[in-house]
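Observations on the model geometry
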Number of protein chains: 2
Amino acid sequence: MMMAGLRERKKEQTRQRIAETALRLFAEHGYDAVTVNEIAEAAGVAKVTLFAYFPSKESLVLDQIKDDYAAVVRNRPEGMPPLGALREHFRGIARRGVEAPVETLLTRVQVIASSPALLSGVSQTNMSEREELAAALEAAMPDAGVVPRLMAAQITAVITTLQETFFQRLVKGESLEKAVRLLEDEVELAFDLLERGLSWQEGTDS
Amino acid sequence: MMMAGLRERKKEQTRQRIAETALRLFAEHGYDAVTVNEIAEAAGVAKVTLFAYFPSKESLVLDQIKDDYAAVVRNRPEGMPPLGALREHFRGIARRGVEAPVETLLTRVQVIASSPALLSGVSQTNMSEREELAAALEAAMPDAGVVPRLMAAQITAVITTLQETFFQRLVKGESLEKAVRLLEDEVELAFDLLERGLSWQEGTDS
DNA sequence: CGCAAAAACCGTACTGGGTATGATTTTGTA
DNA sequence: TACAAAATCATACCCAGTACGGTTTTTGCG
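Residues numbered from 1 in each chain as written. Chains lettered and ligands numbered in written order. Predicted model: local features only at pLDDT ≥ 70, side-chain atom pairs only at ≥ 80, totals over all residues. Heavy atoms only, no water.

Aromatic rings considered in pairs are described by the distance between their centres and by the relative angle of their planes. Residue and element names in this part refer to chain B. Enumeration over the complete set of coordinates arrives at 8 aromatic pairs over all chains. Measuring from ring centre to ring centre gives 4.8 Å for Phe26 and Tyr31, while their planes differ by 55°; the resulting arrangement is tilted. Its relative accessible area of 2% is what places Phe26 among the buried residues. Given the relative accessible area of 6%, Tyr31 is considered buried. (Phe/Tyr/Trp six-rings, centres within 6.5 Å; stacked < 30°, edge-to-face > 60°. Buried < 20%, exposed > 50% of the residue type's maximum accessible area, 1.4 Å probe, protein only.)

Okay, here's the thing in structure tokens:
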């Protein structure tokens, strides 16, 4: 009868417990120094079960970090250019700061930043976002050759850089408020740069 | 007495043999289906020796694919803007086509394209190129905040896209000449886009 | 040449991520 | 209560990569 289940809730709970345990152990001893066996044991499950919930050790940390730029482009209001829609989207994100508890987020960022394997995983995620955005842009502007792909590459790269900068500041101990304020300005700057080109606003240097 | 050695030559030879053997086996049976043990055996060395020459299975294919954009920026002639120097650099690469034997190159590209692990490795390489370029740009235009990093991200992303497009055409059976001709045009287009912005030359679509 | 030191090489055994198998327990429902 | 589906598990396995300790090859030099 689809009771919308006790079962489901228990699964979600177990999943949560595994992820939390993993993050805690990683933060304590470092990503490489913790084995999945230890995580499983500490979370009270078997290794096999852990891998039934998470497809890899990386995914214990990187689960659900993927944003969906392509959807932003597809669902943009009539008459708004793709780039404008994306600018609005990130303006919104920057303005309302970060919703998740800062503590956990910060721990996660620190763990990621300290492990090459995880950083690589992040850039993998970015690459797949880029491909999806490229597909959405190609749909929005057909017969434009490589242009949509070039646009997608530039946009994704810029967004990634903004995120990196933001998180670096948090890791360095900057307050959330200040980091958010700086991010707001940089979102505008970055999209201006995208729209008007790198030769705009250089001035001093040749 | 630093005979500039027999030793050196033999090492280079062994290294070459390992890489060639690996590429051949990967092309025949697929990247995942070949174990490093098999490669080592086929190349007549021990697994340990293979890993003394190559730090990982991936590197058997991805060795030396890294370009050095940062150097292009650092060594640019007096008075030339960084972006102009990079444009010249890639114009040159496109014009003189590909120097390595097309056969081997094509095999390598096919193998890479067919393996997620290798694709991930490529994007890792791109990321480190991006960081180096960012450092060079920051040196070229100090006190510009995030701008150099944003530029580096955009430039690297665009170049990566051009490379991907080029190789995709080769894999699809396009002739080298035609692929090179298209690449030449796209280099110009891509750098125009970088310099003048995405809002330039859109026209049809809003 | 002969010989010692360095460097390359190798066999073996190990670690750790991830998977296959097949058995066992838990849970929703009749 | 009974039963089928789903979740969990112990175990054994595969493969990339490393540690260890020993053997062979190369080289510089007397």
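Glancing now at the environment of Glu38 of chain B. Within the secondary structure, Glu38 of chain B is located in helix α2 (residues 36–43). Considering only alpha carbons, one finds Glu38 of chain B and Leu176 of chain B, 138 residues apart in sequence, at a separation of 33 Å. (Helix = DSSP H or I, 4+ residues; strand = E, 2+ residues; numbered from the N terminus.)

Often, the extent of an interface is quoted as the loss of accessible area upon association of its parts. On the chain A side, the residues contacting the 43 residues of chain B number 42 residues. Interface area, chain B with chain A, both sides summed: about 3500 Å², of which 61% is carbon and sulfur. Its largest share of buried area at the contact with chain A, chain B owes to Leu150, Gln154 and Leu198 of chain B, together 19% of the area lost on that side. The interface formed by chain B and chain A includes 2 salt bridges. (Contact = heavy atoms within 4.5 Å. Buried area = accessible area lost by both parts, 1.4 Å probe. Salt bridge = Lys/Arg side-chain N within 4 Å of Asp/Glu carboxyl O.)

With an RMSD of 0.0 Å, the fit of chain B onto chain A corresponds to turning through 180° and sliding 0.0 Å along the axis. With respect to symmetry, the two chain copies, as superposed, fit the operation of a two-fold axis. Of every C-alpha in chain B, the one belonging to Gly197 of chain B sits nearest the axis of rotation, 1.7 Å from it. By residue overlap, the copies meet face to face through one surface: 98% of the interface positions of chain B are interface positions in chain A. (Least-squares fit on C-alpha atoms with pLDDT ≥ 70 in both.)

Lining the immediate environment of DNA strand C, one finds 22 residues, of which Lys10, Lys47 and Lys57 of chain A together with Arg7 and Thr49 of chain B sit closest. Near-protein atoms of DNA strand C (within 4 Å) split between backbone and bases, with sugar and phosphate holding 73%. Lys11 of chain B is positioned such that a nitrogen or oxygen atom in its side chain is 3.3 Å from a phosphate oxygen of DNA strand C. Mapped by element, the contributors of at least two residues to the surface near DNA strand C are α1 (6–29) and α3 (47–53) of chain A together with α1 (6–29) and α3 (47–53) of chain B. Considering only residue class, the surface near DNA strand C consists of 12 nonpolar, 4 polar and 6 charged. (Near = heavy atom within 4 Å. Polar contact = N/O pair within 3.5 Å; in protein donor to acceptor, adjacent residues only side chain to side chain. Nonpolar A, V, L, I, M, F, W, Y, C, P; charged D, E, K, R; others polar.)

Close to DNA strand D lie 22 residues; Arg7 of chain A together with Arg7, Lys10, Lys47 and Lys57 of chain B are nearest. In this structure, a base oxygen belonging to DNA strand D sits 2.8 Å away from a side-chain N or O atom of Lys47 of chain B. The backbone of Lys57 of chain B places a nitrogen or oxygen atom 2.5 Å from a phosphate oxygen of DNA strand D. Of all the elements in the fold, those that place two or more residues in the surface near DNA strand D are α1 and α3 of chain A together with α1 and α3 of chain B. Tallied by class, the residues present in the surface near DNA strand D amount to 12 nonpolar, 4 polar and 6 charged.

On to the nonpolar core. The tendency in soluble globular proteins is for nonpolar side chains to be buried side by side. Membership of the largest hydrophobic core comes to 69 residues, with the highest contact counts inside it found for Leu86, Leu133 and Ile155 of chain A together with Leu86, Leu133 and Ile155 of chain B. Filtering out sequence-adjacent residues up to four positions away, Ile155 of chain A remains in contact with Leu83, Leu86, Leu133, Leu137 and Leu194 of chain A together with Leu198 of chain B. (Core = buried A, V, L, I, M, F, W, Y, C linked by side-chain atoms within 4.5 Å.)

Following the criterion strictly, the structure yields 24 salt bridges over all chains and no others. A salt bridge links Arg87 of chain B to Glu188 of chain B, with the nearest nitrogen and oxygen atoms 2.9 Å apart. Placement of the pair is Arg87 of chain B in helix α6 (residues 82–95) and Glu188 of chain B in helix α10 (residues 176–196), with a sequence separation of 101 residues. Overall, the relative accessible area of 9% leaves Arg87 of chain B in the buried class. Each of Arg87, Glu88, Arg91, Glu188, Asp192 and Glu195 of chain A takes part in one network of salt bridges that share partners.

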